[in-house]
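Chain by chain, the residues:
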Amino acid sequence: MREFDAIVVGVGGMGSATAYHLARRGQQVLGLEQFDRAHDFGSSHGVTRIIRMAYAEGAGYVPLLLRAYTLWRELETLAGERLLYVTGGVDAGAPDSATVRGSLATCRQFGLDHQEFDAASLNAKYPGYRFPKGMAAVLQPDGGFLAPEACVVNYVKAAQALGAEIHTRERVIGWDSFAGGVEVRTEHDSYRTRSLVITAGPWASQLCPELVPLAIPERQVVLWAAPLRPELFQPAVFPVFNLEAPEGRFYGCPVFGVPGFKIGKYHHRREVVDPSGIDREIHAEDEAVLREGIRQYFPDADGPPLAMKTCMFTNSPDEHFILDAHPEADNVYIAAGFSGHGFKFSSVVGEIMADLALDGGTKYSNRIGMFRLARFHGKAG
Ligand SMILES: Cc1cc2nc3c(=O)[nH]c(=O)nc-3n(C[C@H](O)[C@H](O)[C@H](O)COP(=O)(O)OP(=O)(O)OC[C@H]3O[C@@H](n4cnc5c(N)ncnc54)[C@H](O)[C@@H]3O)c2cc1C
């Protein structure tokens, strides 16, 4: 049986970065991925992912974001390719909404550049936006988007260049930990490793049943629409947005790639799914949810659909991440439950998981307390 220093199960957003950071430290790494190197079936596809520094989800994320930006820029240098596009980021909603208050609070606490707007002044500065009277917005100039498929592919390439083996189309069906190591079984083979890192996205609970109530896959849909006035939705004049509206929380990006104006809604139609049996068809109800957001807040983008895709969130009960050692198995570490906002962090999550797999600890230990499994004690089934 072949032996490795570390095995990473799931080579998506988090797994590709983890494999790279492990290989960078001279480890013999094996990455096992059930599909292809970047694919459309998990959580890390769809042309763009928002990255932003102002973080209403919690001030504890901001130091990790500072590091994530640095690591994305490092990957761009390694790849010789642009991966992170800065457009500015708008956080908007009622002035007392969690999004606006939280975004402002993190800007103030960390001294981040920002500007506050009422609806009329934001609409005048960025005419693609048509926010109603009474809304407030925070513009943070470092916001923008990543190109997720290229991020995954470039982390895989960088890991391979350092000697990592990445096996695609090799699904892991189980693992057993024993004193000093872990045995990992796939559909084709078995391997031994000193440390196992599970970065299986929506499938995490299939490999760790403890996560069944803690990392719950949810179907999402995004829509790219052809703007009626394309000039208003270009990256130079249209910041990414995160909008807490009465209808729900919409997010989106300027025209890039597909090329259309992109919109999604957090928790779309609140459909909990089996990741292997998710309905990937697009239905009229899916488009209706997203059209509502376009018509209400971005009417000049309300042209024909160019593309629609399904994707999955993996929600934890408090929508904070899970980064921790396995509760019962030595040498096994879990990164899961990214709850619809994880991709921007995958560069730094890879670094943290490599630390944990190598040393059992991390220089970020004072930053990741909020991501430990212990917070759910009493809630796990
Ligand atoms: C529509 C949508 C929009 C989003 N927008 C944003 C955004 O704007 N900004 C942001 O920061 N985040 C965003 N997110 C969240 C972010 O994309 C996710 O948090 C992140 O991609 C999760 O990465 P992951 O590595 O956990 O999962 P994945 O990238 O899905 O990786 C898991 C991998 O594990 C593999 N795998 C699973 N089981 C096995 C097995 N048994 N054997 C082998 N391989 C296996 C899978 O095939 C997959 O490749 C969004 C998510 C969605 C769905």
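Predicted model, so just to flag it, every value in this text is computed and none were measured. (Residues numbered from 1 in each chain as written. Predicted model: local features only at pLDDT ≥ 70, side-chain atom pairs only at ≥ 80, totals over all residues. Heavy atoms only, no water.)

Turning our eyes to something else, we now look at the overall build of the protein. A tally of helices and strands in the protein yields eight helices and 20 strands. Taken over C-alpha atoms, the radius of gyration comes to 20 Å for the protein, in line with the 21 Å a tight globule of 381 residues would show. Across its three principal directions, the C-alpha atoms of the protein cover 65 × 45 × 45 Å. Sorting the 381 residues of the protein into buried and exposed places 59% on the buried side. Restricting to contacts in the protein with at least 6 residues of sequence separation, those with at least 24 account for 72%. Of the roughly 14,600 Å² that the protein leaves accessible, carbon and sulfur atoms contribute 50%. Side-chain charges in the protein split into 37 positive and 45 negative, and the spacing between the mean points of these groups amounts to 4 Å. (Helix = DSSP H or I, 4+ residues; strand = E, 2+ residues; numbered from the N terminus. Rg over C-alpha atoms; globule rule 2.2 N^0.38 Å. Buried < 20%, exposed > 50% of the residue type's maximum accessible area, 1.4 Å probe, protein only. Contact = heavy atoms within 4.5 Å. Areas by Shrake-Rupley, 256 points an atom, 1.4 Å probe, with all protein chains shown as cover. Lys, Arg positive; Asp, Glu negative; His and termini not counted. Charge placed at Lys NZ, Arg CZ, Asp CG, Glu CD.)

Put plainly, two cysteines are in a disulfide when a covalent bond ties their sulfur atoms together. Going through the model one piece at a time under the given rule, you end up with zero disulfides. Considering cysteine sulfurs only, C253 is the nearest to C151, which forms no disulfide, with 13 Å between them. Residue C151 is classed as buried on the basis of its relative accessible area, which comes to 0%. (Disulfide = S-S within 2.5 Å.)

With that settled, consider the site of the ligand. The full set close to the ligand counts 35 residues, and E33, H39, S44, I50 and C311 are the nearest of them. At 2.9 Å from an oxygen atom of the ligand is found a main-chain nitrogen or oxygen belonging to M14. Contact between the ligand and G340: a nitrogen atom at 3.3 Å from a main-chain N or O atom of the residue. Protein contact buries 97% of the 1,000 Å² of open area that the ligand shows by itself. Taken together, the elements giving at least two residues each to the shell around the ligand come down to α1 (13-24), β3 (49-51) and β18 (305-315). Ranked by residues supplied to the shell around the ligand, first place goes to β18 with three residues. Considered class by class, the residues forming the shell around the ligand number 17 nonpolar, 13 polar and five charged. (Near = heavy atom within 4 Å. Polar contact = N/O pair within 3.5 Å; in protein donor to acceptor, adjacent residues only side chain to side chain. Nonpolar A, V, L, I, M, F, W, Y, C, P; charged D, E, K, R; others polar.)

Further remarks concern the side chain of T48. Examined against the element boundaries, T48 turns out to sit in the loop between β2 (29-32) and β3. On the accessibility criterion, T48 (3% relative accessible area) is buried. In this structure, T48 is in contact with F145, L146, P148, C253, F256 and K262, ignoring residues within four places of it in sequence.

Topologically, T362 is positioned in the segment after α8 (346-359). For the pair formed by T362 and E351, sequence separation is eleven residues and the distance between their alpha carbons is 8.9 Å. Ignoring anything within four residues of it in the chain, the contact list for T362 reads I352, D355, L356 and I368. Reaching out from T362, the side chain makes a polar contact with the side chain of D355 at a distance of 2.7 Å.

Let us now look at unusual backbone geometry. A negative phi holds for most residues other than glycine; trans holds for most peptide bonds. With an omega dihedral of 5°, the bond running from V258 to P259 counts as a cis peptide bond. By secondary structure assignment, the location of P259 is in the loop between β15 (248-253) and β16 (261-265). Residue R270 is not a glycine yet carries a positive backbone phi of 50°. Looking at where R270 falls in the secondary structure, it is placed in the loop between β16 and β17 (271-272). At N331, a position not held by glycine, the phi torsion is positive, near 70°.

A few words now on the sheet that holds strand β8 (residues 144-146). Read across the open sheet, the three strands follow the order β3-β8-β4; overall the sheet is antiparallel. Each end of this open sheet is capped by a strand with a single partner; those strands are β3 and β4 (84-86). Across the sheet, the mean angle separating the axes of adjacent strands is 30° when strand polarity is ignored. On top of the sheet, helix α2 (residues 62-79) reaches β3, β4 and β8; it is set at about 120° to β4, its chief contact. (Pairing = 2+ DSSP bridges. Axes fitted to C-alpha atoms, helices over the stretch in contact; angles between N-to-C directions.)

Note on placement: G12 falls in the loop between β1 (2-9) and α1. For the pair G12 and R37, spaced 25 residues apart in sequence, the C-alpha to C-alpha distance is 7.7 Å. If sequence neighbours within four positions are ignored, G12 has contacts with E33, S44 and V152.

What follows concerns the pattern of salt bridges. Tallied over the entire structure, the rule returns 26 salt bridges. In this structure, E57 engages R52 in a salt bridge whose closest nitrogen and oxygen atoms are separated by 2.7 Å. Overall, the relative accessible area of 17% leaves E57 in the buried class. The residue R185 makes a salt bridge to D176 at a minimum N-O spacing of 2.6 Å. A relative accessible area of 29% places R185 in the partly exposed class. On the accessibility criterion, D176 (42% relative accessible area) is partly exposed. When salt bridges with common partners are traced through the structure, they connect R130, R229, E231 and D300 into a single cluster. (Salt bridge = Lys/Arg side-chain N within 4 Å of Asp/Glu carboxyl O.)

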